[in-house]
Amino acid sequence: MNQGTVWNEVDQYIAERLIEQDAVLAKVLSTNQEAGLPAIDVSAAQGKFLNLLVQLHGSKRILEIGTLGGYSTIWLARALPPYGKIVTLELDPHHAQIAAANLAHAQVQDKVEIRVGEALEQLALMRDEGVEAFDFIFIDADKPNNPHYLKWALHFSHPGTVIVGDNVVRGGEVLDENNSDPRVIGVRQFYDLLAEEKRITATAIQTVGSKGYDGFMIGIVTN
């Protein structure tokens, strides 16, 4: 059995034993596939990990940069109290439309505001609108802009805000300083900024599973 097969089967094992069968989430993934969305959602185990982080932290306001079809959004929304709120940013209007339908199917639409357009433009608009800080921020969008997203995440943070970034290992390619892939460059710059930034303390955890070899960054804003 090759390594990738083992990773995938262990993910299935974890999901079968620790994550309830969920017809709503299964339907969301099916809808995303039928609509032609790329299959780059977090895994079920990763979704529940995010859900548990929100519960552990007691977050009430979440910013998600990168909605896709709303699969991770649902995991996050389910962890919020009844009065909790998510603002999620999505570039593609088609993806946003699918996400809106999925959120309604999951009955969490009242907790979620989808903002459609370039994330950096939406973040600037949110600043101009005086949008208040968030308790939890999940960065999972185009990787070349990761350093910019981190700067905006810090802008919309307060001491104690948790910031999580996905896909920060990229199959180990993050080690290659000569890699010309803009996604790898963006992630490396993301690490550089985290290393230099005094307002956040962070680490990263390598992950394997049905989504291959990658990792999460998790940090806490200190001031």
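Anything mentioned here points back to the structure above.
The following refers to the structure shown. (Residues numbered from 1 in each chain as written. Predicted model: local features only at pLDDT ≥ 70, side-chain atom pairs only at ≥ 80, totals over all residues. Heavy atoms only, no water.)

**A short note on helix α4 (residues 71-78)**
For the record, the criterion: Exposure is judged per residue with a 1.4 Å probe applied to protein chains only, and the accessible area is read against the type maximum: over 50% gives exposed, under 20% gives buried, and values in between give partly exposed. Put simply, DSSP H or I for four residues or longer makes a helix, DSSP E for two residues or longer makes a strand, and each gets a number counted from the N terminus.
The element α4 is extensively covered by neighbouring structure, given that seven of its eight residues are classed as buried. Listed in full, the buried residues belonging to α4 are Tyr71, Ser72, Thr73, Ile74, Trp75, Leu76 and Ala77.

**Here we look at the layout of surface pockets**
To be explicit about the condition: Buriedness for pockets is judged along seven lines, at least five of which must meet protein on both sides within 12 Å for an open set on the 1 Å grid over protein atoms alone, while cavities are sets there where a 1.4 Å probe fits but cannot get out, and lining residues have an atom within 4 Å of a point. Grid points are joined across faces, edges and corners, and a volume is the space filled by probe spheres set on the points. Three classes are used, and their members are as follows: Ala, Val, Leu, Ile, Met, Phe, Trp, Tyr, Cys and Pro are nonpolar, Asp, Glu, Lys and Arg are charged, and the others, Gly among them, are polar.
Its volume calculated, the largest pocket comes out at about 730 Å³. Along its surface, the largest pocket is lined by 34 residues, and Ile40, Asp140, Ala141, Asp142 and Lys143 are the ones closest to its centre. For the lining of the largest pocket, the secondary-structure elements that each account for two or more residues are β2 (85-90), α6 (119-129) and β7 (214-221). Taken together, the residues that form the lining of the largest pocket break down as twelve nonpolar, ten polar and twelve charged. Estimated volume of the second largest pocket: approximately 600 Å³. Surrounding the second largest pocket, 27 residues form its lining, Ala15, Leu29, Ser43, Ala44 and Tyr71 being those nearest its centre. Sorting the residues of the lining of the second largest pocket by element identifies α1 (3-18), α2 (23-34), α3 (44-57) and α4 as the ones contributing at least two each. For the lining of the second largest pocket, the element with the most residues is α2, which contributes six residues.

**Looking at a nonpolar patch on the surface**
Heads up, the condition is: Patch definition: residues above 30% relative accessible area lacking any salt bridge, with like charges linked at up to 9 Å and the nonpolar side chains Val, Leu, Ile, Met, Phe, Trp and Tyr linked at up to 5 Å. Surface accessibility follows the Shrake-Rupley procedure with a 1.4 Å probe radius. Residue values consider only the protein chains on display as shielding. A pair is scored as a salt bridge if a Lys or Arg side-chain nitrogen falls within 4 Å of a carboxyl oxygen belonging to Asp or Glu.
On the surface, Val6, Val10, Tyr13, Ile14 and Leu18 cluster together into a nonpolar patch covering about 430 Å² of accessible area. With respect to the secondary-structure elements, Val6 resides in helix α1. Here Val6 falls in the partly exposed class, since its relative accessible area comes to 34%.

**Remarks on the packing of α3 against α4**
Geometry of a packed helix pair, given as the angle between the helix axes and the separation of the axes. Defined as follows: To obtain an axis, a line is fitted to C-alpha atoms, over the contacting stretch when the element is a helix, and the angle between two such axes runs from 0 to 180 degrees between their N-to-C directions. Less than a right angle of anticlockwise turn of the near helix away from the far helix marks a crossing as left-handed, whereas a clockwise turn marks it as right-handed. Any two residues whose heavy atoms approach within 4.5 Å at even a single point are treated as in contact.
Running from amino to carboxyl end, α3 crosses α4 at an angle of 35°, the nearest separation of the two axes being 8 Å. The crossing of α3 and α4 is right-handed. Here Ala44, Gly47, Lys48, Leu50, Asn51 and Val54 of α3 come into contact with α4, specifically with Tyr71, Trp75, Leu76 and Arg78. Across the contact of α3 with α4, the residue classes break down as six nonpolar, two polar and two charged.

**Details of the environment of Val169**
Along the chain, Val169 falls in the loop between β5 (162-166) and α8 (182-196). Residue classification places Val169 among the buried positions, given a relative accessible area of 5%. Separated by 48 residues in the primary sequence, Val169 and Met217 have C-alpha atoms spaced 9.2 Å apart. If we ignore the near neighbours within four places in the chain, the residues touching Val169 are Val174, Tyr191, Gln206, Tyr213, Asp214 and Gly215.

**Some remarks on helix α5 (residues 93-105)**
How we decide: Expected span of a helix: the number of residues minus one, times 1.5 Å. What the arc covers is the set of directions going from the helix axis to the C-beta atoms. Pairing of N or O atoms within 3.5 Å defines a polar contact, subject to two protein rules: one partner must be a possible hydrogen donor and the other a possible acceptor, and residues neighboring in sequence count only if both atoms are side-chain atoms.
Counted at 1.5 Å a residue, the expected span for α5 with its 13 residues is 18 Å, and the 18 Å between its end C-alpha atoms agrees. The set of residues buried in α5 consists of His95, Ala96, Ile98, Ala99, Asn102 and Leu103. Down the axis of α5, the buried side of the element spans an arc of 160°, and every buried residue falls inside it. Among the exposed residues of α5, those pointing more than 90 degrees away from its buried face are Pro93 and Gln97. Where α5 is buried, its residues touch α2, α4, β2 and β3 (112-116). One side-chain oxygen at the N-terminal end of α5 lies 2.7 Å from the backbone nitrogen of His94; it belongs to Asp92. Gln107 sits one or two residues past α5 and shows a positive phi near 60°.

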